[in-house]
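Chains, contacts and geometry: an overview
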Amino acid sequence: MPPKVDIRRCTGCAGRMESCCEEACPGDLMAVHPDTGKAYCRAANECWDCMSCVKNCPAGALETKIPYQIGYYKATLRPIMGKTSITWKCRDIYGKEFSYTCINRTR
Ligand code: SF4
Ligand code: SF4
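Now for a look at the structure at hand. Everything numeric in this text was worked out from a predicted model, so none of it was measured.

With that out of the way, let us pick up the overall build of the protein chain. Within the protein chain one finds two helices and seven strands. Secondary structure elements in the protein chain, listed N-terminal to C-terminal, are β-α-β-β-α-β-β-β-β. Principal-axis analysis of the C-alpha atoms gives the protein chain an extent of 35 × 35 × 25 Å. When burial is assessed residue by residue, the protein chain has 34% of its 107 residues classed as buried. Partitioning the contacts of the protein chain with sequence separation of at least 6, the portion at a separation of at least 24 is 34%. In the structure as shown, the protein chain presents an accessible area of about 7,400 Å², 53% of it carried by carbon and sulfur atoms. When the 16 basic and 11 acidic side-chain charges of the protein chain are each reduced to a single mean position, those positions are 9 Å apart.

Parameters at a glance
Residues numbered from 1 in each chain as written. Chains lettered and ligands numbered in written order. Predicted model: local features only at pLDDT ≥ 70, side-chain atom pairs only at ≥ 80, totals over all residues. Heavy atoms only, no water. Helix = DSSP H or I, 4+ residues; strand = E, 2+ residues; numbered from the N terminus. Buried < 20%, exposed > 50% of the residue type's maximum accessible area, 1.4 Å probe, protein only. Contact = heavy atoms within 4.5 Å. Areas by Shrake-Rupley, 256 points an atom, 1.4 Å probe, with all protein chains shown as cover. Lys, Arg positive; Asp, Glu negative; His and termini not counted. Charge placed at Lys NZ, Arg CZ, Asp CG, Glu CD.

Have a look at this one:
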């Protein structure tokens, strides 16, 4: 399931040659629409939920829709990137939110 784009937050990464989500996607699936200036996934059925684009968006405009096998409709997972950690914001199907912070791996 492709990431959900919050069009109010998406800036289109204006000023960059390539948007951060385009740059991060290993499948080259993300793009910025030339008319709207907002990101979208151009081949939703090819997205494998790796979340690289979600983690790389500087505007926090992308959200993972959790596959129904795990969380059913409306459950979401969103990373808040820190310098040395990621805080995962999970929302269940009833709208209840949970946060988990993990320290990033360092060399
Ligand atoms: S990285 Fe975020 S702000 Fe930039 S184009 Fe993609 S969704 Fe929009
Ligand atoms: S979740 Fe992964 S595969 Fe899907 S659009 Fe984002 S970067 Fe590409």
